[in-house]
Amino acid sequence: MKRKITLTVNGKEQELEIEPNRLLLHVLREEIGLTGTKEGCSIGVCGACSVIVDGRLVSSCLTLAAGCEGRDIETIEGLAKDGNLHPLQQAFIEYGGFQCGICTPGQIMAAKALLDENPKPTADEVKEWMSGNLCRCTGYYKILESVMAVVNNKISPDFQFRKREQQAKIQSLDVYKPVAKTD
Amino acid sequence: MKRTEPLEIYQPTSVNEACRIIKQSGPGGHFLAGGTDLIIAIKEKGWVPRYVVDLKRIPSLSEILTNSDGSLVLGALTTMREIEISPLIRDRYPFLAQSAAEVGSIQIRHRATIGGNMANATPSADVAPALIALDAKAKISGENSERIVALEKFFVGPGKTLMKPDEILTALIIPPHPATLRGEYIKFSPREMMDLAYVGVAVALAMDERKKVKHVRIALGAVAPIPMRARKAEAIVLDQILSEEIAEQAGGEAAKECSPISDVRSSADYRREMVRVNTKRALLNAASEHWRPTSWVERRDRRY
């Protein structure tokens, strides 16, 4: 039997009619269309599905959507504001905090939850907090470096500008010019 | 993608209502607290409860209270994270906070509840030995009834407790202890984090001015069908000055007392040996000057 629930997702109220066995993860992805939150192990070990519910970091693969009635949910889609990346998102790009990217939304949400609670954690505190977010390609030091860059305010203030500059540079490289016919 | 089977969820707002639902709906139901065990069981083992009674709408089940007699009441829906960071628990029983901090990831600890963890009766539950070392009692409520049993007696086998199907574990009560009570919880597991214990050892003790042990509890996890007390090991330590020799003897006795099994994680012999070593360490740590748990890095680097 379907039931009506109301969730606030990234500040926007969502009224949904769902089966009581649906998990928050699947409701976010399939009902609301926010596919940034990923499904990894599906048993609460890998952290790929991490979202913030009422300020607390949880695994959305173990959370029933029906139990989130009236709650405030933050997902990776809610971080960028007015076309500007969240400092953590920017740091992960600048410091190479990801490769394949499937763990990244979870990593960033975990880091955000930590910084919301403790804006100046030590590297060890970051490691402890993020021990439930697994990454199978980058390795953890790049991720740690990315988070610590935000903590120590080491991300570039002119990031957006630099990005455009780099794109222009890449496009001006020889490899992008049409190859001249040699006979 | 793993999905849960369709199921009916009731969301009662009082303990009596929850018990009535179980009585009326008959067998095949299950209580839901944090869901970190139940939902995995449904996904992994294909086990389908006929219906689920979600307890999270019941107020008053998620509080940490002090009674006038000095006892501490932990509501069954108190999350592991709440126990980990509660100033009251960190001050009085830091090793209990430590044991809660050893559970899963932060994502899990924000949802997993102490009542759910105890009602599931996993032999390797981290918080169980710490609670048993504190002589904790389980408050069990039925429809218009209530009883209180020692937590040690609450467990009857792996995944089994003495509760009837229509009874709910509503709180864990820690009786008053002298201010001198100190303790330690050591989780010995293959990895530093995100793993289950090979062996868990909790120690709570109180000493007089001459460092003689006047009260001691040693509780072991993951080495018997239920979390257990090592009574013979306790007897060795009681009324003694806790020397390395005494701790060594107590460790040996605890290793004899427990009844571990061999499984994917380790052999029974290895577990027994680790009970010996870690009981000794836990006793010495609890009696040492620096007995309060610190960060995981300091714990990891500590020389015993």
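Just so we're clear, the structure is a prediction, and the values are computed from it rather than from any experiment.

## Regarding the interface of chain A and chain B
With 35 residues of chain A at the interface, the matching set in chain B holds 30 residues. For the pair chain A and chain B, the summed buried surface comes to about 2900 Å²; carbon and sulfur atoms form 55% of the total. Joining chain A to chain B, the criterion identifies two salt bridges. When the shortest N-O distance is used, the salt bridge between Glu8(B) and Arg3(A) registers 3.5 Å. At the boundary of chain A with chain B, the tally comes to eight residue pairs in polar contact (both at pLDDT 80 or more). For the side of chain A that touches chain B, the elements supplying multiple residues, two or more each, are α1 (24-31), β4 (56-59), α3 (104-117) and α4 (123-129) of chain A. Split into classes, the residues belonging to the side of chain A that touches chain B amount to 14 nonpolar, 12 polar and nine charged.

## Some points on the confidence of the model for chain A
Residues of chain A with pLDDT of at least 70 account for 94%, and the chain-wide mean is 91. Per-element averaging of pLDDT across chain A places helix α6 (residues 159-172) of chain A at the bottom with 75 and strand β3 (residues 50-53) of chain A at the top with 98.

## Section: the side chain of Asp166(B)
Residue and element names in this part refer to chain B. Mapped onto the secondary structure, Asp166 falls in the loop between β9 (160-161) and β10 (168-174). Looking at Asp166, the relative accessible area reads 18%, which means it is buried. With residues near it in sequence (within four places) discarded, Asp166 still touches Cys19, Ile22, Lys23, Ser141 and Gly142.

## Points about the nonpolar core
Residues and elements named next belong to chain B. One finds Leu74, Leu96, Met118, Leu131, Leu151 and Phe154 to be the most contacted residues of the largest nonpolar core, which totals 53 residues. In contact with Leu131, other than residues within four places in its own chain, are Leu74, Leu96, Ile114, Met118, Ala136, Leu151, Leu172 and Ile174. Counting residues in each nonpolar core, the second largest holds 31 residues, with Ile186, Ala247, Met274 and Ala287 among its members.

## Observations regarding the layout of surface pockets
Here the second largest pocket is characterised by a volume of approximately 1200 Å³. Taken together, 40 residues form the lining of the second largest pocket, with Glu128(A), Gln98(B), Ser295(B), Trp296(B) and Arg299(B) sitting closest to its centre. Elements with a contribution of two residues or more to the lining of the second largest pocket: α3 and α4 of chain A together with α3 (80-85), α5 (94-101), α6 (106-109), β11 (182-188), α12 (268-287) and α13 (296-301) of chain B. Broken down by element, the residue count for the lining of the second largest pocket peaks at four residues, all from α5(B). For the lining of the second largest pocket, the class distribution of residues is 15 nonpolar, eight polar and 17 charged.

Rules used throughout
Residues numbered from 1 in each chain as written. Chains lettered and ligands numbered in written order. Predicted model: local features only at pLDDT ≥ 70, side-chain atom pairs only at ≥ 80, totals over all residues. Heavy atoms only, no water. Contact = heavy atoms within 4.5 Å. Buried area = accessible area lost by both parts, 1.4 Å probe. Salt bridge = Lys/Arg side-chain N within 4 Å of Asp/Glu carboxyl O. Polar contact = N/O pair within 3.5 Å; in protein donor to acceptor, adjacent residues only side chain to side chain. Helix = DSSP H or I, 4+ residues; strand = E, 2+ residues; numbered from the N terminus. Nonpolar A, V, L, I, M, F, W, Y, C, P; charged D, E, K, R; others polar. pLDDT = per-residue confidence, 0-100. Buried < 20%, exposed > 50% of the residue type's maximum accessible area, 1.4 Å probe, protein only. Core = buried A, V, L, I, M, F, W, Y, C linked by side-chain atoms within 4.5 Å. 1 Å grid on protein atoms, 1.4 Å probe; cavity = no way out; pocket = protein on both sides within 12 Å on 5 of 7 lines; lining within 4 Å. Points joined across faces, edges and corners; volume = space filled by probe spheres on them.

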